[in-house]
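These are the residues of each chain, in order.
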Amino acid sequence: MLKTASPHRLFFALTLPKTMQRRIVQWRADNFSPEAGHPIAAANLHLTLAFLGEVSAAKALILQQQAGRISQPGFDVTLDDIGHWPGSGVVWLGCKNPPRGLLQLAQLLRSQAARSGCYQSPLPFHPHVSLLRGATRPVAIPAKTANESFRASHFSLYESALVRGRTRYNIVQSWPLVSSERTSDGV
Ligand code: ATP
Ligand code: MG
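Here is what the cut-offs are and how they apply
Residues numbered from 1 in each chain as written. Chains lettered and ligands numbered in written order. Predicted model: local features only at pLDDT ≥ 70, side-chain atom pairs only at ≥ 80, totals over all residues. Heavy atoms only, no water. UniProt positions renumbered as here; feature names shortened; annotations may be inferred. Pairing = 2+ DSSP bridges. Helix = DSSP H or I, 4+ residues; strand = E, 2+ residues; numbered from the N terminus. Axes fitted to C-alpha atoms, helices over the stretch in contact; angles between N-to-C directions. Contact = heavy atoms within 4.5 Å.

As recorded in an unreviewed UniProt entry, the protein goes by RNA 2',3'-cyclic phosphodiesterase and comes from Yersinia alsatica. In its Catalytic activity (unreviewed entry) section, UniProt records this for the protein: "a 3'-end 2',3'-cyclophospho-ribonucleotide-RNA + H2O = a 3'-end 2'-phospho-ribonucleotide-RNA + H(+)". One UniProt comment on the protein, placed under Function (unreviewed entry), says "Hydrolyzes RNA 2',3'-cyclic phosphodiester to an RNA 2'-phosphomonoester."

Draft legend 1. Seen up close, the sheet that holds strand β1 (residues 8–15). Overall, antiparallel pairing links the four strands, which are arranged β3-β1-β9-β10 in an open sheet. Each edge of the sheet is formed by a strand with only one pairing partner; in this case those strands are β3 (46–55) and β10 (166–176). Each strand axis lies, on average, 25 degrees off the axis of its neighbour in the sheet, ignoring direction. As judged from the five bridges shared by β1 and strand β9 (residues 154–163), these two strands associate in the antiparallel manner. Residue R9 lies in a different strand from β9, and its bridge partner there is S160. Here helix α3 (residues 100–115) sits on the sheet in contact with β1, β3 and β9, set at roughly 0 degrees to β3.

Written out as structure tokens, the structure reads:
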């Protein structure tokens, strides 16, 4: 629950397992020079599903209720793609073939957000985990990715806040990814 009524910067995302965050950070240190860009802290490595922007607590509550009605099974995410967007200065890990469940979940959250008045970019959704920021100059991209996989068994609403000049994410609420058939099996 959000504590104050003032707007909060919110987004829906998948959390990466802690062990995977650590392995990615190690792989990044081994594969990029320090000049390539600003490394994103291990705990902040995530995969955004829908960006909401500045949202009032009242609107957030509606979005949370809608998110709670989503019934979808979990899926496996393999980060086997890598790229650089010089315009936004981001080096990222992504999926060569994003699982359908991931695209469906993002599509649902993004359309719910749009219906609640949260602007959604018209650009196609490109699932990715940002690794470096401020990478506006050419970057030598390693030929191979960290090739990490994880099971997405829940998704979360995150708050993004600046704490002493650093971006911190806090999980506001999480929801399991399980289809209603399984729930009604009594599992
Ligand atoms: P910084 O404080 O350096 O901006 P950040 O980009 O990680 O750090 P936020 O800007 O709060 O923090 O963004 C949170 C998440 O939402 C990130 O995954 C970011 O890529 C994504 N995001 C931010 N702005 C947008 C946007 N306009 N459209 C889509 N996704 C966005
Ligand atoms: Mg940002």
